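So the chains spell out like this:
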Amino acid sequence: AMEHEVSLLTDTFSCLNMDALIHAVNMLCQAREIYLVGKGLSIPVIELFLARLDFLSIPAKRIPLDNLNLLPNRLVKAGPEDVFVVFSFPNYSPVLGKIAKNVKTVLNSSLICITDKPTAPPACYADALLLCQTSSLAIKTSGQRACLEEKLKQLENLRQRTVPPE
C-alpha cells in the first residue's frame, strides 16, 4: 500500500504542469477571497487545504453544499477578484460542473480545479487545472490527500520564492 502511495505521488509530480501550478499560486496570493468547493470524498482534502492555507496566513472559506438553495446567499459577495478552488474526484458530481460554470459565467471569478482527470465536470472551466493521480476507491481518500500534500508543499515553496516578505 505504501509503495502505491509513493507511486501516486511520483506520477503526480512527473505529470505536474508547473506553469499551471505557478498560475494557481499567483491567483491564490492575489485573491480578495478564496472559496473552496467540493463534495463527498473531497471534503477531507478541502479541510486539509483550508488548514494549510490558514498556516500560510491565506484566508479561505469552504462553501458547504449541504443545501443548494442557500448557495446564492453564501456567494452573494463573490465577484471577479475572487478565486474558487473546486475539488472534483470520483464519483464526479454534476453539481460541481454547474457551480464551476456559474463561477465563470455569472460571477466572473477565477477558478482552480484540482482533479484526477481533465474530463471531470468542472475542469473545462478552470483557469488553472491541477491534475492528481488517484486509483481505486479503497485508497481514493489517501491518494487525494497525498496529492494535495505534495501540491501544498510546492505551493509553500513557490510562495516563499514569489511573495516578498512583509
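Up top you'll find the structure we're talking about.
Residues numbered from 1 in each chain as written. Predicted model: local features only at pLDDT ≥ 70, side-chain atom pairs only at ≥ 80, totals over all residues. Heavy atoms only, no water.

Draft legend 1. Quick peek at the packing of aromatic side chains. If you walk through the whole model with that rule in mind, you get 2 aromatic pairs. Centroid distance Y35 to F84: 4.7 Å. Interplanar angle 20°. Geometry classified as stacked. Placement of the pair is Y35 in strand β1 (residues 34-37) and F84 in strand β3 (residues 83-88), with a sequence separation of 49 residues. The exposure class assigned to F84 is buried, which follows from its relative accessible area of 1%. On the basis of an interplanar angle of 70° and a centroid distance of 5.6 Å, the ring pair of F49 and F87 is categorised as edge-to-face. Taken together, the positions of F49 in helix α3 (residues 42-55) and F87 in strand β3 put the pair 38 residues apart, joining distant regions of the chain. Its relative accessible area of 0% is what places F87 among the buried residues. (Phe/Tyr/Trp six-rings, centres within 6.5 Å; stacked < 30°, edge-to-face > 60°. Helix = DSSP H or I, 4+ residues; strand = E, 2+ residues; numbered from the N terminus. Buried < 20%, exposed > 50% of the residue type's maximum accessible area, 1.4 Å probe, protein only.)

Draft legend 2. How the structure looks around the sheet that holds strand β4 (residues 110-115). Here we have 5 strands laid out as an open sheet, ordered β2-β1-β3-β4-β5, and parallel in their pairing. Every interior strand has two partners, whereas the edge strands, β2 (61-62) and β5 (128-131), have only one. Taken strand by strand, helix α2 (residues 18-30) contacts β1, β3, β4 and β5, and its axis lies near 120° from that of β5. Along the sheet, α3 makes contact with β1, β2 and β3, crossing β3 at roughly 145°. (Pairing = 2+ DSSP bridges. Contact = heavy atoms within 4.5 Å. Axes fitted to C-alpha atoms, helices over the stretch in contact; angles between N-to-C directions.)

Draft legend 3. Main features of α2. Helix length check: α2 (13 residues) gives 18 Å between terminal C-alpha atoms against 18 Å at 1.5 Å per residue, within 8%. Where α2 is concerned, the buried positions are A20, L21, A24, V25, M27 and L28. Looking straight down α2, one finds its buried side chains confined to an arc of 160°; they lie on one side. Facing away from the buried surface of α2 by more than 90 degrees, the exposed residues are D19 and Q30. (Expected span 1.5 Å × (residues − 1). Arc of directions from axis to C-beta.)

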